[in-house]
Amino acid sequence: MNTYAEQYQKKRMTAVQALELIQDRDYLFSAQAAAEPREILSNLQHLKETGVKGVTLNTCLPIRYYEAMKDPEMAGIMDHSGWFFNAGLRDAQKKKLVSAVPQSSTSVLRKTLSRIRYEGRRPVVMATASPMDEHGYLSLSVSAIYERDLINEGALVLLEVNPNFPRTFGDTQVHISEVDAIVESTHPIPLIKLAPYTAIDQKIGEYVASLIEDGSTIQLGVGNIPNAVASELKHKKHLGIHTEMFTETMVDLIECGAVDNTQKGFMNGYSFTLGSQRLYDYINNNPCVLFKSATFSNDPYTIAKNNKFVSVNATLEIDLTGQCASETVGNLQWSGTGGQSETVQGAQMSPDGKSIIAMHSTYSTTDENGKPVLHSKIVPFLAQGAAVTTSRNDTDYVVTEYGIAWLRGLNIRQRVEELIKIAHPDFRDWLREEAEKNMIW
């Protein structure tokens, strides 16, 4: 038995045994999205049995709504802070069981660690890894958002090793000597399917694609609009990719030849991925896919080194001056800032770069009689309590199914006119009246 295998065997334990390493006031970071350690998190309520107090769990876009996250008896044992919400966390927030951390992806870890040091607490990272190789290295697989940074900071490392996860390269490499506990599991890797996009999504995709020139470097998110955009980019040439999230549509663009990364001017870099088995198979042992920490990939100065960088982000609501509320519905947290503010800024720092906010012009709710009610996403004022994700100082292009508004360099009066042009026709007169009444000029 070689030395690495011996170290591995000595550190093997159950999830319950690993959780017994947690001490009072530890600050637990769970890996993002598909990389969350399912076996460990499923047993998190064991902390009620160990007698620890004052622990904090920090999550970022968790896939599942674990029992410990919705258990009121965890109060005093574990506080939950969320960097990016999902449906489960939105429910937990209403029950006062989680609180959102205002953040941007390149600075939030630094600021959180600063707070932890000030309070004299110990960071703990809990993540999923693919199996160890003959050199003693495991791979953090599908997320490098902040996990490697925490290991570099000397955090206690609890790794859930799962053979169903792909092996990736970059800031995902962890040596067995850096690991404190190994928990083996065989849970299936989380899968998401590409949803078919609508005619409205396709129209928005066409407008966005018209702004992306050959030789551009692209950043796309996940969802119907980014999928539609990617479909419209298949005829482009010499595109590059530099993105926080690597998606299946990017595999399509690589395989059809639209992406070859020959003109991007800087190294490739991604921070995490979530998708289909086809996507995971593509990145497995693929040296062309490099995972880098979000503190690097999303840094506006890193982004600015790419040529013709185009960021495509979504928003929930935009006011007539260009303020974008992309993470809250009124005062309620819906998602998180993620990399939006930084990719917006980095794109405009890039040579010939563009930042695009792409959105449907409307959304629907139902009234007390169950009838649909149409609302405009372009509004005179953001909803009360809404968080501004992208400031009006940074908003560049805004795209809806009715066209493109380019706000760069425009005054308020000009912005009002450009945004009204791409609003749903049913709301244009109302928007003009509100702008006049409220002196939005």
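Everything discussed here concerns the structure shown above.
Residues numbered from 1 in each chain as written. Predicted model: local features only at pLDDT ≥ 70, side-chain atom pairs only at ≥ 80, totals over all residues. Heavy atoms only, no water.

Enquirer: Kindly report on the pairing of strand β22 (residues 362-366), identifying the contributing residues and their values.
Expert: As paired elements, β22 and strand β23 (residues 372-376) share 5 bridges and run antiparallel to each other. Residue pairing across strands places T366 opposite P372, the latter belonging to β23. (Pairing = 2+ DSSP bridges. Helix = DSSP H or I, 4+ residues; strand = E, 2+ residues; numbered from the N terminus.)

Enquirer: Which residues make up helix α10 (residues 248-255), and what values do they have?
Expert: Where burial is concerned, most of α10 is hidden: 6 out of the 8 residues are buried. Residues of α10 that are buried: E248, T249, M250, V251, D252 and L253. Count one or two residues on from α10 and you reach G257, which has phi positive near 95°. (Buried < 20%, exposed > 50% of the residue type's maximum accessible area, 1.4 Å probe, protein only.)

Enquirer: Tell me what's going on with the packing of aromatic side chains, and back it up with residues and numbers.
Expert: Considering all chains together, one arrives at 8 aromatic pairs under this definition. Plain terms: the ring middles of W83 and Y146 are 5.1 Å apart, the flat faces sit at 85° to each other, and that makes the pair edge-to-face. Residue W83 is found in the loop between β3 (78-82) and α5 (87-94), and its partner Y146 is found in the loop between β6 (137-139) and α7 (147-152); the two are separated by 63 residues along the sequence. Positioned above the aromatic ring of F296, the side-chain terminus of K292 is 5.2 Å from the ring centre. (Phe/Tyr/Trp six-rings, centres within 6.5 Å; stacked < 30°, edge-to-face > 60°. Lys NZ or Arg CZ within 6 Å of the ring centre and 35° of its normal.)

Enquirer: Explain the pattern of salt bridges to me, and be specific about the residues and the numbers.
Expert: Enumeration over the complete set of coordinates arrives at 22 salt bridges. Among the salt bridges present, the one from E119 reaches R115, with a minimum N-O distance of 3.7 Å. Here R115 and E119 lie together in helix α6 (residues 108-119), a separation of 4 residues that amounts to about one turn. On the basis of relative accessible area, E119 is assigned to the partly exposed category, the value being 30%. Notably, a salt bridge pairs E248 with R278, separated by 3.0 Å at the nearest N-O pair. Placement of the pair is E248 in helix α10 and R278 in helix α11 (residues 277-283), with a sequence separation of 30 residues. Residue classification places E248 among the buried residues on the basis of a relative accessible area of 13%. (Salt bridge = Lys/Arg side-chain N within 4 Å of Asp/Glu carboxyl O.)

Enquirer: Break down the sheet that holds strand β18 (residues 324-325) for me, citing the residues and quoting the values.
Expert: Taken in spatial order, the 3 strands of this open sheet run β18-β17-β24, and their pairing is mixed. Only two strands of the sheet have a single neighbouring strand rather than two, namely β18 and β24 (378-379). Sheet topology note: the strand β17 (residues 317-319)/β24 ladder contains 2 bridges and is parallel. Residue pairing across strands places I318 opposite I378, the latter belonging to β24.

Enquirer: Help me get a handle on unusual backbone geometry, residues and values and all.
Expert: Of note in the backbone geometry, K308 takes a positive phi value of approximately 45° without being a glycine. Within the secondary structure layout, K308 lies in the loop between α13 (300-303) and β16 (309-313). For K308, a relative accessible area of 23% gives the class partly exposed.

Enquirer: Requested: an account of the sheet that holds strand β21 (residues 354-358), with residues and values cited.
Expert: Strand order in this open sheet of 6 strands is β12-β11-β16-β21-β25-β26, and the pairing throughout is mixed. The open sheet is flanked by β12 (240-241) and β26 (403-406), the only strands paired with a single partner. Of the pairings in the sheet, the one linking β16 to β21 comprises 4 bridges and is parallel in character. Bridging across to β21, V310 finds its partner in K354. Packed on one face of the sheet, helix α14 (residues 340-349) meets β11 (217-219), β16 and β21 and runs near 150° to β16. (Contact = heavy atoms within 4.5 Å. Axes fitted to C-alpha atoms, helices over the stretch in contact; angles between N-to-C directions.)

Enquirer: Outline the pairing of β26, supporting the account with residue identities and numerical values.
Expert: Side chains G403 and A405 of β26 all project onto a buried face; the interleaved residues I404 and W406 project onto a face where none is buried. Two strands pair when backbone bridges link them, and strand β25 (residues 397-400) and β26 are joined in this way by 4 bridges, in the antiparallel orientation. Following the sheet pairing, V399 is matched in β26 by I404. Hairpin remark: β25 followed by β26, antiparallel, with 2 residues in the connecting loop.

Enquirer: Please provide a residue-by-residue account of the side chain of K354, values included.
Expert: Here K354 lies in strand β21. Residue classification places K354 among the buried residues on the basis of a relative accessible area of 13%. Side-chain polar atoms of K354 contact the backbone oxygen of L211, separated by 2.5 Å. Beyond its immediate chain neighbours, meaning those up to four positions away, K354 contacts L211, E213, F309, V310, S311, A347, D396, Y397 and R408. (Polar contact = N/O pair within 3.5 Å; in protein donor to acceptor, adjacent residues only side chain to side chain.)

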